[in-house]
Amino acid sequence: EKTPAYSRLPEYSDISAEQFFNVIVPAQQPIVSRGFAKNWPLVAAAKHTPQAFVAYLKRFYNGNKASILLGHPDIKGRFFYNEDMTGVNYIKGEERLDLYLDRLLDLMNKEIYPAASIQNILPSYILPGLTDENSSDFFPDIEPRLWLGNQAVVSAHYDSSDNLACAVAGRRRFVLFPPGQVANLYPVSLNLTPAGASVSLVNLHDPDFDRYPLFKTALENACSAELYPGDAIFIPMLWWHHVDSLEKLNGLINYWWNGSA
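These lines cover the structure that appears in this document, whether it is placed above or below. Everything numeric in this text was worked out from a predicted model, so none of it was measured.

1. Some points on the overall build of the chain
Reasoning step 1: Tallying secondary structure elements over the chain gives seven helices and 14 strands in all.
Reasoning step 2: The C-alpha atoms of the chain give 18 Å as radius of gyration, which agrees with the globular expectation for 261 residues (18 Å, within 12%).
Reasoning step 3: Its C-alpha atoms put the chain at 50 × 45 × 35 Å along the principal axes.
Reasoning step 4: When each of the 261 residues of the chain is scored for burial, the buried share is 49%.
Reasoning step 5: Here the analysis covers contacts within the chain between residues at least 6 apart in sequence; of these, 81% occur between residues at least 24 apart.
Reasoning step 6: As displayed, the chain offers around 12,500 Å² of accessible surface, 50% of which is attributable to carbon and sulfur atoms.
Reasoning step 7: Positive and negative side-chain charges in the chain, numbering 21 and 28 respectively, have mean positions lying 4 Å apart.

Structure follows, in structure tokens:
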């Protein structure tokens, strides 16, 4: 699709923890850290082949089931509400992680396939030891979260904590909106939300400007970045972010923390 000309985020490489926490985080402006996790074996496996990435994850698997979201091919990867806003457009189930990963590999060869996503899992619960081999000295005391799936669209939403999100497999595109754009994003106020956070009602890839005219202003103030395996993005708390997972096998590890603590 045609990608709007978003402004690009500042990029850093070989950033130190001191610079990150003393300079970047206090400024509360998003940045990209290229190669943040370039030394992780998980990233090296993903850069080799998707099969190597799956095999590496399976080494740590303890048999626990994960909560999986599945969406019909018609939703084009966009986990969202159903048409009349009475529910969501996907189903939720439990599955063994090894079977799920094998299924993702199988679906890579299909023309038409469902959207599949595992969101926000603690590695210690399902892949103990994974973060011992793939750790960051930025966050010695914070257990990260793991996200695994195929091509998916996560509508713009915000977190109430600072967030460092690191692509470990596949490419991810982030479109960020400053907190002050909230009124132009048409956030839904329903208790029922696809990811547990308030989300924008506007489809970024097919915006209905007749219905959501202020969204044009939001787009004018948006910034974007594309992450490759090993790259990370700092998303300050309350910054809205839309996320596209761009390949048929994607992985992300992120750290949430209270930046004012």
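Having seen it, we continue.
2. Let's talk about the sheet that holds strand β14 (residues 250-257)
Reasoning step 1: Taken in spatial order, the nine strands of this open sheet run β2-β3-β12-β9-β14-β7-β6-β4-β5, and their pairing is mixed. The open sheet has two free edges, formed respectively by β2 (11-13) and β5 (90-96), since each of these has just one partner strand. Each neighbouring strand pair of the sheet contributes to a mean axis angle of 25 degrees, computed without reference to strand direction.
Reasoning step 2: Both strand β9 (residues 162-169) and strand β12 (residues 232-235) contribute to a ladder of four bridges, which runs antiparallel. Counted as the bridge partner of Cys 166 is Ala 232 from β12.

3. Here we look at the nonpolar core
Reasoning step 1: In terms of nonpolar packing, the biggest core is built from 46 residues, with Phe 20, Phe 53, Leu 97, Tyr 100 and Leu 127 touching the most fellow members.
Reasoning step 2: Setting aside anything within four residues of it in sequence, one finds Leu 97 in contact with Tyr 61, Asn 64, Ile 118, Ile 126, Leu 127 and Leu 148.
Reasoning step 3: Membership of the second largest hydrophobic core comes to 15 residues, among which are Val 32, Leu 176, Cys 223 and Ile 233.

4. Let's talk about the sheet that holds strand β1 (residues 7-8)
Reasoning step 1: On the basis of which strands lie adjacent, the open sheet formed by five strands has the order β1-β11-β10-β13-β8 and mixed pairing. Taken across any chain shown, the strands that pair with only one partner, and hence form the sheet edges, are β1 and β8 (152-157).
Reasoning step 2: As paired strands, strand β10 (residues 172-177) and strand β13 (residues 240-245) are joined by six bridges and run antiparallel to one another. Across the sheet, Leu 176 pairs through a bridge with His 241, a residue of β13.

5. Some thoughts on the side chain of Ser 245
Reasoning step 1: Along the chain, Ser 245 turns up in strand β13.
Reasoning step 2: Within the structure, the side chain of Ser 245 is placed 3.4 Å from the side chain of Arg 172, a separation counted as a polar contact.
Reasoning step 3: The residues contacting Ser 245, other than those within four sequence positions of it, are Asn 150, Gln 151, Ala 152, Arg 171, Arg 172 and Asn 250.

6. Topic: the pattern of salt bridges
Reasoning step 1: Applying the stated rule across the entire model yields 11 salt bridges.
Reasoning step 2: Among the ionic pairs, Arg 173 bridges to Glu 226, the shortest N-O distance being 3.7 Å. Residue Arg 173 is found in strand β10, and its partner Glu 226 is found in strand β11 (residues 223-227); the two are separated by 53 residues along the sequence.
Reasoning step 3: What makes Arg 173 buried here is its relative accessible area of 15%.

7. Focus: helix α1 (residues 17-27)
Reasoning step 1: Residues of α1 that are buried include every one of Phe 20, Ile 24 and Val 25, and no others. Down the axis, α1 shows its buried residues gathered within 90 degrees of arc, on one side only. Projecting away from the buried face of α1 at angles above 90 degrees are the exposed residues Glu 18, Asn 22, Val 23 and Pro 26.
Reasoning step 2: The first or second residue beyond α1 is Gln 28, which carries a positive phi of 55 degrees.

8. Quick word on helix α4 (residues 97-107)
Reasoning step 1: Turning to α4, its buried residues number three or more, namely Leu 97, Asp 98, Tyr 100, Leu 101, Leu 104, Leu 105 and Leu 107.
Reasoning step 2: Buried residues belonging to α4 abut α3 (50-58), β4 (65-71), β5, β6 (115-121), α5 (123-126) and β7 (145-149).

9. So, the packing of aromatic side chains
Reasoning step 1: For the structure shown, the criterion picks out 20 aromatic pairs.
Reasoning step 2: With 6.1 Å between their ring centres and 55 degrees between their planes, Phe 21 and Phe 138 make a pair best called tilted. With Phe 21 in helix α1 and Phe 138 in the loop between α6 (130-133) and β7, this residue pair connects regions lying 117 residues apart in the sequence.
Reasoning step 3: With a relative accessible area of 28%, Phe 21 lands in the partly exposed category.
Reasoning step 4: Judged by centre distance (5.5 Å) and plane angle (80 degrees), the ring pair of Phe 79 and Tyr 90 falls under edge-to-face. In this pair, Phe 79 is assigned in the loop between β4 and β5 and Tyr 90 in strand β5, connecting sequence segments 11 residues apart.

Quick notes on the rules
Residues numbered from 1 in each chain as written. Predicted model: local features only at pLDDT ≥ 70, side-chain atom pairs only at ≥ 80, totals over all residues. Heavy atoms only, no water. Helix = DSSP H or I, 4+ residues; strand = E, 2+ residues; numbered from the N terminus. Rg over C-alpha atoms; globule rule 2.2 N^0.38 Å. Buried < 20%, exposed > 50% of the residue type's maximum accessible area, 1.4 Å probe, protein only. Contact = heavy atoms within 4.5 Å. Areas by Shrake-Rupley, 256 points an atom, 1.4 Å probe, with all protein chains shown as cover. Lys, Arg positive; Asp, Glu negative; His and termini not counted. Charge placed at Lys NZ, Arg CZ, Asp CG, Glu CD. Pairing = 2+ DSSP bridges. Axes fitted to C-alpha atoms, helices over the stretch in contact; angles between N-to-C directions. Core = buried A, V, L, I, M, F, W, Y, C linked by side-chain atoms within 4.5 Å. Polar contact = N/O pair within 3.5 Å; in protein donor to acceptor, adjacent residues only side chain to side chain. Salt bridge = Lys/Arg side-chain N within 4 Å of Asp/Glu carboxyl O. Arc of directions from axis to C-beta. Phe/Tyr/Trp six-rings, centres within 6.5 Å; stacked < 30°, edge-to-face > 60°.

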